Amino acid sequence: KSRETAGPAAGSSPKLAAAEHRHDAASNKNLCVKAAKEHNIPKDLSKILGNKVMETVLDLSYVKLSVVEMTCSGDADSEGIVSKSVSSHSDLIPGVYEGGLKIWECTFDLMDYFSEAEIEFTNKTVLDLGCGAGLLGIVALRGGAARVHFQDYNSTVIDEITLPNVVANCSSEGRRMGSGKDRKASKPPSKRPRKAEGSPDVLSRCRFFSGEWSQVSQLLLNSNKPCSKYDIILTSETIYNPDYYSALHDTLAQLLDRNGCVYLASKVHYFGVGGGIYLFEKFIEEKNMFRTSMVKTIDQGLQRGIMEITFK
């Protein structure tokens, strides 16, 4: 199964349409900050997958976006991001929709790196930041992580994409739903993570959040059940817009354990938006809080890279 199924072709650049929206986003920036909320996991898991059509890439199931676009409306999409994205032919509407309905190619770069570098998730606390489909966090769950939290800007993405994907990959209900003949065969990863999906408590190890990064950080740290800092933070294609660098840096500083590590995957440059991995690396250096290391570069198609970030 080729990766184009889950996202754009290798030569495409996500979020190209962002440039034309940046002025509007800047105008609205001070008017509203997207509040954070935690999403409860429904007790009846079958309802989560009831109207979903699943596809498979590598060893993972994920919700077919075209079906979500046709079926998601009304209360299921209170933000209206599906209709707005479809009508504007845009994968990014800053301050409204931040790209979480699609799976971008750097997600697969990072998954490949986990396998190549034998990244250990066993008993770790993990945050999938800007999670979208949540595939990175799902890999961490399958690798035996003690706790995985998923965050996306949009609540619709969490409810209609992330949560169904986690259920489909990590619960007995999901395995029953996804085992039919409509599931497409796929090539398994070269190093198959240790699976935790048979455990009845997999979903009890997950929490789901939507909202702006600063608001989610406050919710996590100041709620009546505050969480400890994260051993590992995973994030992919979240640095396309330099306007967000300060918020992302602050979030990493607040939520990463002192001995923790961030794995960030990104394009080298996002045409039309201005962000990129080396620009963010320079931003981090100027803040003088973190140490960065470029652990992998990918030259096929648009240049991409994976950066490891730790506290100095």
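All values derive from a computational prediction rather than experimental measurement.

Considering the overall build of the protein
Right, on to step 1. Along the protein, the regular secondary structure elements total eleven helices and ten strands.
Right, on to step 2. Taken over 312 residues, the protein has a buried fraction of 54%.
Right, on to step 3. In the protein, of all internal contacts separated by at least 6 residues, the share reaching a separation of at least 24 is 73%.
Right, on to step 4. Just so you have it, the protein exposes about 13600 Å², and 49% of that area is on carbon and sulfur atoms.

Quick notes on the pairing of strand β6 (residues 206–210)
Right, on to step 1. Most of β6 is tucked away, with five of its five residues classed as buried.
Right, on to step 2. In this sheet, β6 lies alongside strand β1 (residues 37–39) in antiparallel orientation, the contact comprising three bridges. Bridged to E38 within β6 is F209.
Right, on to step 3. Sheet topology note: the strand β5 (residues 147–152)/β6 ladder contains five bridges and is parallel. When the bridges of β6 are listed, D152 appears paired with S210.

Considerations on the pairing of β5
Right, on to step 1. Counted residue by residue, β5 has six buried out of six residues, so it is predominantly covered.
Right, on to step 2. The alternating pattern of β5 places R147, H149 and Q151 on one face and V148, F150 and D152 on the opposite face, and all of these are buried.
Right, on to step 3. Relative to β5, strand β4 (residues 125–129) is paired through five bridges, and the arrangement is parallel. Each residue of the ladder has a partner; that of V126, found in β5, is V148.
Right, on to step 4. A crossover connection joins β4 to the parallel β5 through helix α6 (residues 135–142); in handedness this β-α-β unit is right-handed.

Let's talk about helix α7 (residues 155–170)
Right, on to step 1. Between the first and last C-alpha of α7 there are 21 Å, a value that for 16 residues agrees with the 22 Å anticipated at 1.5 Å per step.
Right, on to step 2. Along α7, the sharpest change in direction is near 30 degrees and occurs at T162; proline P164 comes one to four residues later.
Right, on to step 3. Judged by how many residues are buried, α7 sits mostly within the fold: 15 of 16 residues are covered.

What to know about the pattern of salt bridges
When their charged atoms lie close together, side chains carrying opposite charge are able to pair.
Right, on to step 1. Here the structure, examined in full by the defined rule, presents eight salt bridges.
Right, on to step 2. With a closest N to O distance of 2.8 Å, K296 and E116 form a salt bridge. Taken together, the residues K296 in strand β9 (residues 290–298) and E116 in helix α5 (residues 105–116) connect sequence positions 180 residues apart.
Right, on to step 3. The partner of E237 in a salt bridge is K267, with the nearest N and O atoms 3.1 Å apart. One end of the pair, E237, is in the loop between β7 (230–236) and α10 (245–255); the other, K267, is in strand β8 (residues 256–267), with 30 residues separating them in the sequence.

What to know about the nonpolar core
Right, on to step 1. In this structure, F121 and V166 are the most contacted members of the largest nonpolar core, which totals 52 residues.
Right, on to step 2. Of all the elements, α7 adds the most residues to this core, at eight residues.
Right, on to step 3. Beyond its immediate sequence surroundings of up to four residues, F121 is in contact with F114, V126, V139, A140, G143, G144, A145, I232 and L234.
Right, on to step 4. Among the nonpolar cores identified, the runner-up in size contains 30 residues, and L127, L129, V216 and F280 belong to it.

What to know about the sheet that holds β8
Right, on to step 1. Spatially, the eight strands line up as an open sheet ordered β1-β6-β5-β4-β7-β8-β10-β9, and their pairing is mixed. Looking at the sheet topology across the chains shown, the edges are occupied by β1 and β9. Neighbour-to-neighbour, the strand axes of the sheet open up by a mean angle of 20 degrees, direction not taken into account.
Right, on to step 2. Seen against the sheet, helix α9 (residues 213–222) touches β1, β4, β5, β6 and β7 and runs at an angle of roughly 140 degrees to β6.

Describing the packing of aromatic side chains
Right, on to step 1. Under the counting rule described, the total for this entry stands at ten aromatic pairs.
Right, on to step 2. Where F114 meets Y263, the ring centres are 6.5 Å apart and the plane angle is 75 degrees; that geometry is what we call edge-to-face. Within this pair, whereas F114 is found in helix α5, its partner Y263 is found in strand β8, the two being separated by 149 residues in sequence.
Right, on to step 3. Given a relative accessible area of 9%, Y263 falls into the buried group.

Criteria and cut-off values
Residues numbered from 1 in each chain as written. Predicted model: local features only at pLDDT ≥ 70, side-chain atom pairs only at ≥ 80, totals over all residues. Heavy atoms only, no water. Helix = DSSP H or I, 4+ residues; strand = E, 2+ residues; numbered from the N terminus. Buried < 20%, exposed > 50% of the residue type's maximum accessible area, 1.4 Å probe, protein only. Contact = heavy atoms within 4.5 Å. Areas by Shrake-Rupley, 256 points an atom, 1.4 Å probe, with all protein chains shown as cover. Pairing = 2+ DSSP bridges. Right-handed = clockwise from strand over helix to strand, strands pointing away. Expected span 1.5 Å × (residues − 1). Bend = angle between axes of the 7 residues up to and from the residue. Salt bridge = Lys/Arg side-chain N within 4 Å of Asp/Glu carboxyl O. Core = buried A, V, L, I, M, F, W, Y, C linked by side-chain atoms within 4.5 Å. Axes fitted to C-alpha atoms, helices over the stretch in contact; angles between N-to-C directions. Phe/Tyr/Trp six-rings, centres within 6.5 Å; stacked < 30°, edge-to-face > 60°.

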